[in-house]
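Take a look at the letters that make up each chain.
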Amino acid sequence: MIPVAIVALALFLGHASIAERHRRQIYPTVIRSNGVGIASGWGRAAAIIGPYIAGQLFAAQLPLQQVLSLIAAPYIIVAIACLALDRLQKRIRSER
């Protein structure tokens, strides 16, 4: 149970730093503020909806370990997506 929480926190912190780096690279300078604003808005929406979903999971009598695993799953997906984006960008740069 505690290792799952530690992994979820580590993935969240890693995601936050990687996502900021990729936001700067993905959005062109002209629309960067809009792109970062939209990405931040989605993050805030998830921060609002997340506790509600966690509450519903606890109300369904799911064990804590399962709830934490479900919370960690999106972060694992985002981490994989960020790594894939990084590799794609490196490949595109090497082809130029």
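Provided above is the structure to which this section pertains.
All chains use their own residue numbering, which begins from 1 and follows the written sequence. Owing to the predicted nature of the model, reporting of local features is limited to residues with pLDDT of at least 70; listing and counting of side-chain atom pairs is limited to 80 or more, with chain, interface and lining totals taken over all residues. Each side-chain value is derived from all of the structure's non-hydrogen atoms; neither hydrogens nor water enter the calculation.

1. As for the overall build of the chain
Here comes step 1: A tally of regular secondary structure across the chain gives 3 helices and 0 strands.
Here comes step 2: On C-alpha atoms alone, the chain measures out to a radius of gyration of 16 Å, which is more than a quarter above the 12 Å that the 2.2 N^0.38 rule sets for 96 residues.
Here comes step 3: Its C-alpha atoms give the chain principal-axis dimensions of about 55 × 25 × 15 Å.
Here comes step 4: Buried means the residue's accessible area, taken with a 1.4 Å probe over protein chains only, is under 20% of the maximum for its type, while exposed means over 50%, and partly exposed covers the values in between. Relative to its full complement of 96 residues, the chain shows a buried share of 14%.
Here comes step 5: Taking the intrachain contacts of the chain between residues at least 6 apart in sequence as the baseline, contacts between residues at least 24 apart amount to 64%.
Here comes step 6: What sets the accessible areas is the Shrake-Rupley method with a 1.4 Å probe; for residues, cover comes only from the shown protein chains. Accessible surface, the chain as shown: approximately 7,200 Å² in total, 69% of it carbon and sulfur. Numbered from the N terminus, helices here are DSSP runs of H or I no shorter than four residues, and strands are runs of E no shorter than two. For this measure, only C-alpha atoms enter the radius of gyration; the expected value for a globule follows 2.2 Å times N^0.38, where N is the number of residues. What makes two residues a contact is simply this: any of their non-hydrogen atoms within 4.5 Å.

2. A look at the packing of helix H2 (residues 32-59) against helix H3 (residues 64-95)
Here comes step 1: With their axes 10 Å apart at the nearest point, H2 and H3 run at an angle of 150° to one another. Here H2 lies roughly antiparallel to H3, going by the angle between them. The chirality of how H2 crosses H3 is right-handed. Along its contact with H2, which presents Ala 54, Leu 57 and Phe 58, the element H3 presents Leu 64, Val 67, Leu 70 and Ile 71. To get an axis, fit a line to the C-alpha atoms, keeping to the stretch in contact for a helix; angles then go from 0 to 180 degrees between the N-to-C directions. For classification, angles of less than 35 degrees are called roughly parallel, those exceeding 145 degrees roughly antiparallel, those between 65 and 115 degrees roughly perpendicular, and all remaining angles oblique. Crossing handedness is read from the near helix: turned anticlockwise from the far helix by less than a right angle, it gives a left-handed crossing, and turned clockwise, a right-handed one.

3. With respect to H3
Given 3.6 residues to a turn, an α-helix orients residues that are three or four positions apart in the same direction.
Here comes step 1: Taking 1.5 Å per residue as the helical rise, H3 with its 32 residues ought to reach 46 Å, and the 47 Å between its terminal C-alpha atoms agrees with that figure.
Here comes step 2: At any given residue, the bend is defined as the angle formed between two axes, one fitted to the seven residues that end at that position and one fitted to the seven that begin there. Of all bends in H3, the biggest is about 25°, found at Ala 72, and the proline Pro 74 comes one to four residues later.
Here comes step 3: Taken residue by residue, H3 has Val 67, Leu 68, Ala 72, Cys 82, Asp 86 and Gln 89 as its buried positions. How far a helix is expected to stretch is found by multiplying one less than its residue total by 1.5 Å.

4. Focus: H2
Here comes step 1: The end-to-end C-alpha distance of H2 is 40 Å, a good match for the 40 Å that 28 residues give at a rise of 1.5 Å each.
Here comes step 2: When the local axis directions of H2 are compared, the greatest deviation, roughly 30°, occurs at Ile 49, which is followed within four positions by the proline Pro 51.
Here comes step 3: Taken from the residues just after H2, Gln 61 is the one with a positive phi, measuring 65°.

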